[in-house]
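The residues making up each chain are set out below.
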Amino acid sequence: MNVEDLIAFHEITQLKYRYIRAVDTQDRELLTSVFAKNVRTWYDSGKIVGHGRENAVATLFDSISPTFFSHHIAVHPEISFTSSTTAKGTWRIQDIVHFTAPHPNPSVPDLQGDERLIGAGYYHDEYVKEDGQWKIASTGYVRIFEAVETKLQQHGTRVRVESARGRLN
Amino acid sequence: MNVEDLIAFHEITQLKYRYIRAVDTQDRELLTSVFAKNVRTWYDSGKIVGHGRENAVATLFDSISPTFFSHHIAVHPEISFTSSTTAKGTWRIQDIVHFTAPHPNPSVPDLQGDERLIGAGYYHDEYVKEDGQWKIASTGYVRIFEAVETKLQQHGTRVRVESARGRLN
Amino acid sequence: MNVEDLIAFHEITQLKYRYIRAVDTQDRELLTSVFAKNVRTWYDSGKIVGHGRENAVATLFDSISPTFFSHHIAVHPEISFTSSTTAKGTWRIQDIVHFTAPHPNPSVPDLQGDERLIGAGYYHDEYVKEDGQWKIASTGYVRIFEAVETKLQQHGTRVRVESARGRLN
C-alpha cells in the first residue's frame, strides 16, 4: 500500500458515504452524481436491478418512498485496485428502516406501515474513475439476515421520524 | 486531497472517537479534553444546548445518568477543511441506549426504566486546531428517527448491562 | 502521525475487517490467516478463551454454529504503535445475532432458537507484524450491554436468514 492508493481508497470511501447520504436523505441529484454513466445496481441479491445512471436512480426511488425513514451504514471497506482507474470492494451493510405507511409497491404486500426492518449483509461494489472522479460502476448487496418487526405501537414502541432526515435546515 | 489533509482527516476521526468514548464511558475528564474552549453543543436539533467547555460538559452530564447504558457510533465522516486550523464535517450517528431506571430529569417523563432507544441521524460538527491539537468547536445532531421500546422485560427481552461500560479494569 | 504510521494504521484496519468477515461468514481458513501464531483470545471479558492459533480458531468455532447468523461491526479504531512491529488498539463493537435453533453448547441453556441478540462493547486488541504482515496477537471484548429478545415470531417479527451470509456465490 502506497500513499497514492491510500488517497484513492479514501476518495472511494467519501464516494460511498455520499451515496448512502443520497439514499437516506432521498436526494435524487446527489445519487445521480455518484453513479457512473453505465452503472449497474442489483440490490438484495438482484431482486431490484438498475442499468445505466437514469434507470438506476429511477429504480431505487421506485423502491423507497417518502414514508420510509431509512438508515444505512456501510463499514469495513476492503477495496482493491484493478487498474489506475478501476477498483472493487466489499463493505458490511447494516440498515434500519421505519415504515410509517403501507409500501407503495403492490408487489410488497407484507409492509403495512408501523414496521421496523433491521438487516445486515455485504455490499459488493465496483468503482471507476470518470473524468478524474471516482464513481460507482456497480453496487449490490447480499443479506446475512433481515428481520421485520410488525405492529410496533401495539408492542409499546414509540417512533418519532423527522422530515429533515438528519439534514440541517 | 493531499497527504497533509489525509493526516488531518485522520486526526479528526481520532478526536471524534475519543469524544464518543467519553460519552459512553461517562468520562468527564476525557470529554473536557476533546472540547475547544468556546465549544457549542446543540444535541437533538438544539433541545440540549451547551456554550463553552465547562457548560457543555455539565449540560451533557445532566442529560445522562449512571443508569443509562449508551452506545453511540459515528461513521461516514465527510470532513472538509475551511482553513489550515478549521474544518467542518458530518457523520452518521446511530445510538442504542438502555435505560435501567427512570430518567433523572423530570422534563423527560416518558422514560421510566426498562426501555431501549434505537435512533439514527447526522452530526454536523465544526473543528478547530488549538495549541496544535484538533478540538471540537461545535457539535450537534439532527435525527432521521428515534424509537423507544418500552417494558422490555414484559416482552421477553433479557438485558445485561456492565458497569465497566466496555473498559478494561 | 506520519505517513508510515497512517499506512500501518490502515493495514491494521484491513486486518480487523478480514477477522470480522471470517467470524460472520464462518470462514475457518480466513480466521486462521489473521491470527498470530501465539494469539490469545478472551471474548466477553474472558468467558471464552483461546491460546495459540489452532486453539483460538477451534474455541471460537465451538461457540458459534451454522444456526447462528451473526453481524459484528468494529468501528472507532484507536490504534497506537508500541514499536515498529507491535501495536495495540481499541474498537467499538456492535453485534446483532439471530439464533435460529437451540445453542449447541449445553452450557448456554438460555438460547432456544428464535432469539435476537443486540450487544455493544469495546474490543481491546494487540497486533504484531509477523513475516511482514500485521496479525492479531490478542483480542477480547468487554460489554457495555447485551440484550436478548426471545420468541421473536410470537411478537410478530419475521426473520429471513441467508446461507450465503453476505457472500457472492
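Residues numbered from 1 in each chain as written. Chains lettered and ligands numbered in written order. Predicted model: local features only at pLDDT ≥ 70, side-chain atom pairs only at ≥ 80, totals over all residues. Heavy atoms only, no water.

*Asks:* Looking at this structure, I do not really get the overall build of chain A. What am I missing?
*Replies:* A tally of helices and strands in chain A yields four helices and seven strands. Shown N-terminal to C-terminal, the secondary structure of chain A runs as helices and strands in the order α-α-β-α-β-α-β-β-β-β-β. Relative to the 2.2 N^0.38 estimate, which gives 15 Å for 169 residues, the radius of gyration of chain A is 17 Å and therefore close to what a compact globule would have. With the principal axes as the frame, chain A shows a C-alpha extent of 55 × 35 × 30 Å. For chain A, buried positions account for 59% of its 169 residues. (Helix = DSSP H or I, 4+ residues; strand = E, 2+ residues; numbered from the N terminus. Rg over C-alpha atoms; globule rule 2.2 N^0.38 Å. Buried < 20%, exposed > 50% of the residue type's maximum accessible area, 1.4 Å probe, protein only.)

*Asks:* Help me understand the interface of chain C and chain B in this model?
*Replies:* Often, the extent of an interface is quoted as the loss of accessible area on bringing the components together. Residue-level contacts link 34 residues of chain C with 37 residues of chain B. Buried area between chain C and chain B, both sides added, is near 3000 Å², and the carbon and sulfur share of it is 57%. For the interface between chain C and chain B, the tally reads five salt bridges. A salt bridge links R160 of chain B to E146 of chain C, with the nearest nitrogen and oxygen atoms 3.3 Å apart. Linking chain C to chain B there are 18 residue pairs in polar contact (both at pLDDT 80 or more). Where the side of chain C that touches chain B is concerned, the elements lending two or more residues are α1 (3-24), α3 (43-46), β3 (68-83), β4 (86-99), β5 (115-130) and β6 (133-149) of chain C. Per-element tally for the side of chain C that touches chain B: the top contributor is β6 of chain C, with eight residues. When the residues that make up the side of chain C that touches chain B are grouped by side-chain class, the tally is 19 nonpolar, seven polar and eight charged. Here strand β7 (residues 157-161) of chain B pairs with β6 of chain C via five bridges, running antiparallel. Note that in β6 of chain C the partner of V161 of chain B across the bridge is F145 of chain C. (Contact = heavy atoms within 4.5 Å. Buried area = accessible area lost by both parts, 1.4 Å probe. Salt bridge = Lys/Arg side-chain N within 4 Å of Asp/Glu carboxyl O. Polar contact = N/O pair within 3.5 Å; in protein donor to acceptor, adjacent residues only side chain to side chain. Nonpolar A, V, L, I, M, F, W, Y, C, P; charged D, E, K, R; others polar. Pairing = 2+ DSSP bridges.)

*Asks:* What is the right way to look at the pattern of salt bridges in this model?
*Replies:* Pairing of side chains with opposite charge becomes possible as their charged atoms draw close. Per the counting criterion, the structure on display carries 36 salt bridges over all chains. A salt bridge links E162 of chain A to R160 of chain A; the nearest nitrogen and oxygen atoms lie 2.7 Å apart. One salt bridge in this structure joins R116 of chain C and E149 of chain C, with 3.0 Å as the shortest N-O distance. Of this pair, R116 of chain C sits in strand β5 while E149 of chain C is found in strand β6, placing the two residues 33 residues apart along the sequence. The burial state of R116 of chain C is the same as that of E149 of chain C; both residues are buried. Through salt bridges with shared partners, one network takes in D44, K47, D95, R143 and E146 of chain A together with R160 and E162 of chain C.

*Asks:* Can you help me understand the environment of Q14 of chain B in this one?
*Replies:* Relative to the helices and strands, Q14 of chain B resides in helix α1 (residues 3-24). Taking the C-alpha atoms as reference, Q14 of chain B lies 9.5 Å from W134 of chain B; in sequence the two are 120 residues apart. If we ignore the near neighbours within four places in the chain, the residues touching Q14 of chain B are F9, P77, E78 and I79 of chain C.

*Asks:* Is there a simple way to think about unusual backbone geometry in this case?
*Replies:* Residues apart from glycine generally show negative phi values, whereas peptide bonds are mostly found in trans. Residues and elements named next belong to chain C. For H76, which is not glycine, the phi torsion reads 65° and is therefore positive. Relative to the elements of secondary structure, H76 occurs in strand β3. Positive phi, close to 50°, is recorded for D131, a residue that is not glycine. Turning to its location among the elements, D131 is positioned in the loop between β5 and β6. The exposure class of D131 is exposed, given its relative accessible area of 82%.

*Asks:* I'm lost on the interface of chain C and chain A in this one. Help?
*Replies:* Each partner contributes residues to the interface: chain C has 37 residues there, and chain A has 34 residues. In total, chain C and chain A occlude about 3000 Å² of area from one another, counting both sides; carbon and sulfur atoms represent 57% of this. When the buried area of chain C at its contact with chain A is split by residue, H71, R158 and R160 of chain C rank highest and sum to 23% of it. On inspection of chain C and its partner chain A, the count reaches five salt bridges. Counting every contact that joins chain C to chain A gives 18 residue pairs in polar contact (both at pLDDT 80 or more).

*Asks:* Even after reading the chapter, I still don't get the relation of the copies chain C and chain B, so can you show me in this structure?
*Replies:* What relates the pair of chain copies is a rotation about an axis plus a shift along that axis. Mapping chain C onto chain B calls for a screw motion: a turn of 120° about the axis and a shift of 0.0 Å along it, with 0.0 Å RMSD after fitting. What the rotation and shift describe, once combined, is the action of a three-fold rotation axis. (Least-squares fit on C-alpha atoms with pLDDT ≥ 70 in both.)

*Asks:* Can you help me understand the relation of the copies chain C and chain A in this one?
*Replies:* Structural alignment of chain C on chain A gives an RMSD of 0.0 Å, achieved by rotating through 120° and translating 0.0 Å along the axis. Little of the interface of chain C is mirrored in chain A, where only 19% of its interface residues are also at the interface.

*Asks:* What is the right way to read the environment of V128 of chain A from this model?
*Replies:* All names here are of chain A. Looking at the secondary structure, you find V128 in strand β5 (residues 115-130). Spatially, the C-alpha atoms of V128 and A36 are 7.2 Å apart, while their sequence positions differ by 92 residues. Apart from residues lying up to four places away in sequence, V128 is in contact with A36, T85, T86, Q133, W134, K135 and A137.

*Asks:* Please explain the side chain of D125 of chain A as it appears in this structure.
*Replies:* All names here are of chain A. Mapped onto the fold, D125 is located in strand β5. Given a relative accessible area of 2%, D125 falls into the buried group. In terms of polar contacts, D125 uses its side chain to reach the side chain of Y127, at 2.7 Å. If we ignore the near neighbours within four places in the chain, the residues touching D125 are K16, K88, G89, W91, S138, T139 and G140.

*Asks:* Just checking my understanding: could you explain the packing of aromatic side chains for this structure?
*Replies:* Any pair of aromatic rings gets described here by the distance separating the centres and the angle formed by the planes. Enumeration over the complete set of coordinates arrives at 18 aromatic pairs over all chains. With a centroid separation of 6.0 Å and 75° between ring planes, the pair formed by Y17 of chain A and W91 of chain A is classed as edge-to-face. Taken together, the residues span a long stretch of sequence, with Y17 of chain A in helix α1 (residues 3-24) and W91 of chain A in strand β4 (residues 86-99) at a distance of 74 residues. Take Y17 of chain A and W91 of chain A: they sit in the same class, and that class is buried. Following the ring pairs from residue to residue traces out a cluster consisting of Y43, Y123 and Y141 of chain A. For the cation-ring pair, R28 of chain C lies above F61 of chain C, with the distance from its terminal atom to the ring centre recorded as 4.4 Å. The cationic tip of R165 of chain C hangs over the ring face of F69 of chain C; the distance from NZ or CZ to the ring centre is 4.2 Å. (Phe/Tyr/Trp six-rings, centres within 6.5 Å; stacked < 30°, edge-to-face > 60°. Lys NZ or Arg CZ within 6 Å of the ring centre and 35° of its normal.)

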